[in-house]
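What follows is the residue order along each chain.
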Amino acid sequence: MTTTTAKETSELFTPEIRAEIDRWIAKYPAEWKQSAVMGALMIVQESNGGWLTTELMDQVAAYLDMPPIAVYEVATFYSMFELKPVGRNKICVCTNVSCMTNKSDLIVEHLEKKLGIGFGEVTEDGRFSLKEVECLGACGGAPMMQIGKQYYENLTPEIVDAILEGLE
Amino acid sequence: MANEVCLRTLDLERPWLIEQYQSRGGYEVLKKILSEKTAPEAIIEEVKKSGLRGRGGAGFPTGLKWSFISRNAPGQKYVVCNSDEGEPGTFKDRDILRYNPHQLIEGMVIAGYAIGATCGYNYIRGEFWEPYERFEQALEEAREAGFLGEDILGSGFDFQLHTHLGAGAYICGEETALLESIEGKKGQPRYKPPFPAHFGLYGCPTIINNTESLASIPMIMEQGGEWFADIGVKNSGGPKLFSISGNINNPGVFEIPMGTPFSELLAMAGGMKDGRKIKAVIPGGSSAPVIPGEQMMELNMDYDSIAGAGSMLGSGAVIVLDDTNCMVKILERMSYFYHEESCGQCTPCREGTGWLYRIVHRIETGQGRQEDLDLLDDVADKIAGKTICALGDAAAMPVQGMLRHFRHEFQYHIDHKRCMVGVG
C-alpha cells in the first residue's frame, strides 16, 4: 500500500507542477526557497482536487529543502489549505457582519437545504462542499460567496440556484 | 472633489491597462524623478509634507516611516505592499488592484528609489484571484515598457517587483506577520522592536505600506505634498477611500476628501435601505468601536473627528447598521471572528478571544448571567495592550464600544432571555 501511495504521489508531482513551483521560487532570494511554500502548496492542492495529503506536503518539503513539520505548520495555519477532501466546487460563504446584516443566513440556509449538507461537508456525488469563511473583502456586494477562484456578489436564493446549475 | 488620486482612472474604459493609465499622465512623474535624479530625501520630504497617514488602519505617517530607513546602509532593502485586505468591512484595496494597478506599481518603484531598495513584494490575499491576475498583467506591461526591472529608463536604477499570494489569514495584515508569511512561515507577528525599518523581510531594512498609501505616492509627487494635504483637513491629509457597506442603498468605494461629513458620504451611498432609521455605525473596520447613528450623523470622516467620538477611522471601512439589527448578535459575530483569527501566540488573545465569544454567545442565546457584563469588560481589559500585536486590542475595542453605547440591549437579553429588537 505504501508503495502505491508513493507512486501516485510522484505522478501528481509532474514536471509541469515542478515548473510552476519553480516560478514561485524564482521570485525570492536563492537562499529563501521556503518563501515559495504557500505558492507550492496551492499548486499541489489544486492538482489533487482541492486538498492536501501528508504525502503531498512531504514532497513539497523535500522540494523546498524544508523540514516536513514546517510545511505542516503552514498548511494548518492558513484557512485556504484543506486537509481533507472537498467538493469539486468548494462553496465559501461569508457570514461576517456586512454579509450577515444583508441576510447571509438565508443564503446559508438555502444552500444547506438544497445540497443536503452543512458547513465542512461534501455532497455524496463529490460535486459540492460548503465552508463558512470570514470577510472576503467584498462587503459592497453583500451577501457574497466564493466558488473556486470566482467571487459571486449580491446573492439571492434564485441567483445561487442559477450559479450552481452552471457548475459541473 | 471625488476620485482625484487612487481612483482617478475609474471613468476610463478598461482603466487597468497601461495605455489608459498613461493617457492620464501615468508614469510621467517616475520618468521625471529618474531623469532629473531627484534627491531621495526630497521625495521623503514631499511625502511628509502631504500628511499621508497609513491607509491600512494604523494611520502612521508614511513619510516618517520611510525616514526610519538608513538609506545608505549596505545590503538589500525591501519595499513591501500590504494588499492583505481583510479587516471586516474593508474592500477598497481590491478596487485599486482591479482598476488602477499601475498607479500602485509606480508608487512602489518611487518608494524603492526613495529608500534605496531594488526589490519589492506585493502581498495580495489569496482569495483575491481576480485582483491578483490584474496585478500580474500590469507587472508584465510595466516590465515590457521598461518601468520595472534593470536600469529603468536608462537611469541605472533597478527595481524588481513580485506578487506574493496569501492563503487565508487575517493576521497577515499585521506587518510583521506578513513578513513571516513571505518568509514561508506561519503568520505570527514578531516582537517589536526591532521594527521592520531595521530588521524586516529576510532580516533586511524594509518599509511596509498599505496598497492605498503606496498608490497615493505618484499623485503626491506629481502635484506636490501641499496639494495633497490641502485636499484634506488638519492631521488628515488628502482624500481617502471609504468602503461603505451594511444597510444602505448603494454600497461601494468612494474616494472623497478627509473631513467630509459622514452624512454626505451616507447620501452618496444612497442613504438608508427601505428608509429605515440609522442605529449605529462602525466607522473604521470591525475593530473600531461602534458609534450610535445620531452621533455619527454629526461627525466628519477624518482621524480627529472620529477619534474624538471614542472610535477610530482605521481603514475607512464604514459599516452602517439600521434599527433592525440586534447589537448583541453583531458583537457575537465580531467576537467569533477575532477568536477564529487569533494566531494563538499570546495567551491573553488566544484564550481571551474565546472567552469573549463564549460570553457574548451565551447572552445572545438567552443563557446570560448578570455578572457577564462586568466579566466582558474585565476580559477585554485583560487582553488590551497585553499582546505582541494589535489583534488583541482589535478584539477588545468593539466589546468596550458596544457596552458603552448599547449596554441596555445586553441587559435586556440577560433579563428577558430574548432580544429587544423585533428581528432578533
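Each remark here, short or long, concerns the structure printed above.
Residues numbered from 1 in each chain as written. Chains lettered and ligands numbered in written order. Predicted model: local features only at pLDDT ≥ 70, side-chain atom pairs only at ≥ 80, totals over all residues. Heavy atoms only, no water.

Novice: What is the right way to look at the packing of helix α7 (residues 104-115) of chain A against helix α8 (residues 157-165) of chain A in this model?
Specialist: When two helices pack together, their arrangement is given by the angle between the helix axes and by the axis-to-axis distance. All names here are of chain A. Contact pair α7 / α8: the axes reach a minimum separation of 10 Å and the direction vectors enclose 45 degrees. One way to sum up the angle between α7 and α8 is to call them oblique. The crossing of α7 and α8 is right-handed. Residues Ile 107, His 110, Leu 111, Lys 114 and Leu 115 of α7 lie in contact with α8, whose contacting residues are Pro 157, Val 160, Asp 161 and Leu 164. Partitioning the contact of α7 with α8 into residue classes produces six nonpolar, one polar and two charged. (Axes fitted to C-alpha atoms, helices over the stretch in contact; angles between N-to-C directions. Helix = DSSP H or I, 4+ residues; strand = E, 2+ residues; numbered from the N terminus. Parallel < 35°, antiparallel > 145°, perpendicular 65-115°, else oblique. Left-handed = near helix turned anticlockwise from the far one by under 90°. Contact = heavy atoms within 4.5 Å. Nonpolar A, V, L, I, M, F, W, Y, C, P; charged D, E, K, R; others polar.)

Novice: Quick question: what am I supposed to make of the sheet that holds strand β3 (residues 145-147) of chain A here?
Specialist: Strand-to-strand pairing in sheets goes through backbone hydrogen bonds, with the strands running parallel or antiparallel. All names here are of chain A. The four strands lie next to each other as β2-β1-β3-β4, forming an open sheet whose pairing is mixed. Whereas interior strands pair on both sides, the edge strands pair on one side only; in this sheet they are β2 (128-133) and β4 (150-152). Here the strands of the sheet are splayed against their neighbours by 25 degrees on average, with no regard to which way each runs. The pairing of β3 with β4 spans three bridges and is classified as antiparallel. Within β4, the position partnered with Ile 147 by the bridge is Gln 150. The sheet contacts of α7 involve β1 (89-94), β2 and β3, and relative to β1 the element is tilted by about 155 degrees. (Pairing = 2+ DSSP bridges.)

Novice: How do you make sense of the nonpolar core when you look at a structure like this?
Specialist: Residues Ile 21, Leu 41, Leu 64 and Tyr 78 of chain A together with Trp 66 and Ile 105 of chain B are the most contacted members of the largest nonpolar core, which totals 122 residues. Element by element, the count of residues in this core is highest for helix α6 (residues 101-115) of chain B, at nine residues. In this structure Trp 66 of chain B touches Ile 43, Ile 44, Val 47, Ala 111, Ala 114, Ile 115, Ile 207, Asn 209, Leu 214 and Ile 217 of chain B, once residues within four positions along its chain are discounted. Within the second largest apolar cluster, 31 residues are counted, among which are Val 360, Leu 373, Val 399 and Leu 403 of chain B. (Core = buried A, V, L, I, M, F, W, Y, C linked by side-chain atoms within 4.5 Å. Buried < 20%, exposed > 50% of the residue type's maximum accessible area, 1.4 Å probe, protein only.)

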